[in-house]
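Report on the structure
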Amino acid sequence: MATIRVPDQVPSPAQDSETLNQAFRGWGTDEKAVIRVLGQRNESQRRKIRESYREVYGKDLINDLSSELSGDFMKAVVSWVYDPAERDARLVNKILNKEKKRKKGVVENLKVIVEISCTTSPNHLIAVRKAYCSLFDSSLEEHIASSLPFPLAKFLVTLASSFRYGKDKTDAEVATIEAAMLREAIEKKQLDHDHVLYILGTRSVYQLRETFAAYKQSYGNTFDKDVDGCPGDADLRSLLQVVRDSIEGFGTDEDSLTRAIVTRAEIDMMKVRGEYFNMYNTSMDNAIIGDISGNYKDFLITLLGSKI
């Protein structure tokens, strides 16, 4: 269930565009007006505001937001205003362009590709791949393959090209069997085995959670702990651990926090908030208020449905 609160009576896209344009005028920016308008509009409404802004003022709202705002607040608002598929396509492209210039990949950056591939809906992933082709004249899979070394490229291409089952139905017997297959790959020191790619690259988020739980129950350790002790490609080990972390939850750094809230506020953030409370015995809202401040805090809290 979504958390954003759209008012019962919403101004027209032209009126919202005018409010934003007024917020950018003068010596300073009216950040509260930006939060009030964009933080309470759904995807369709934000798209129409961006179209209206371009028609009336001849400028891209994204560009004006980028120049008028700053820091984590700017990143969060810009990410929110982008069409979701375009947002993720641009994010992945930026990461791959950086990695192509490095002699060795940085898995910390690649975790975003894992999150998009593993935790979003199958239809969204298809939309991202379509947007990628349209924006960059290359398929997402081609760019991954040309930017990263083997076996990272093989693993990420498998994740990015999958079509996962999107519902929460799971099979405990399959989870036990596939946990054993993962264990066998670790014991044989074959983290790039086709069985590993098949399981992590095709199973739903819910089925993978069941598999990771079965793994711990059967073998005592968590999957990522046993992967950490397995010799071989260090980057691949880290990336496999990222898959598990992405399935279980999201990080606490600002970029991860922004991605989690921006990408889930219109989908299932209410459920995420419930799971967060069960795990940490505190509300997500209180954790955010205690950890960040200013307009960045106010914007995220608005997306969570709270009044500022």
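Look above for the structure.
Source: prediction; values computed, not measured.

**Let's talk about the side chain of Thr 258**
- Assignment of secondary structure puts Thr 258 in helix α16 (residues 254–264).
- Residue Thr 258 is classed as buried on the basis of its relative accessible area, which comes to 8%.
- Not counting chain neighbours up to four residues away, the residues in contact with Thr 258 comprise Ala 76 and Tyr 296.

**Some words on the pattern of salt bridges**
- Enumeration according to the criterion identifies 21 salt bridges in this entry.
- Residues Asp 194 and Lys 154 are paired through a salt bridge, measuring 3.3 Å at the closest nitrogen-oxygen approach. A residue pair is termed long-range when its members are at least 10 positions apart, and Asp 194 in helix α12 (residues 194–202) and Lys 154 in helix α10 (residues 152–160) qualify at 40 residues.
- Given the relative accessible area of 29%, Lys 154 is considered partly exposed.
- A salt bridge links Asp 285 to Arg 273, with the shortest nitrogen-to-oxygen separation between them at 3.0 Å. Of the two residues, Asp 285 sits in helix α18 (residues 284–291) while Arg 273 sits in helix α17 (residues 269–280), which places them 12 residues apart along the sequence.

**Observations concerning helix α8 (residues 122–136)**
- The terminal C-alpha atoms of α8 lie 21 Å apart, and with 15 residues this matches the ideal 21 Å at 1.5 Å per residue to within 8%.
- All of the buried residues in α8 are Pro 122, His 124, Leu 125, Val 128, Ala 131 and Tyr 132.
- The first or second residue beyond α8 is Asp 137, which carries a positive phi of 50 degrees.

Procedures and definitions
Residues numbered from 1 in each chain as written. Predicted model: local features only at pLDDT ≥ 70, side-chain atom pairs only at ≥ 80, totals over all residues. Heavy atoms only, no water. Helix = DSSP H or I, 4+ residues; strand = E, 2+ residues; numbered from the N terminus. Buried < 20%, exposed > 50% of the residue type's maximum accessible area, 1.4 Å probe, protein only. Contact = heavy atoms within 4.5 Å. Salt bridge = Lys/Arg side-chain N within 4 Å of Asp/Glu carboxyl O. Expected span 1.5 Å × (residues − 1).

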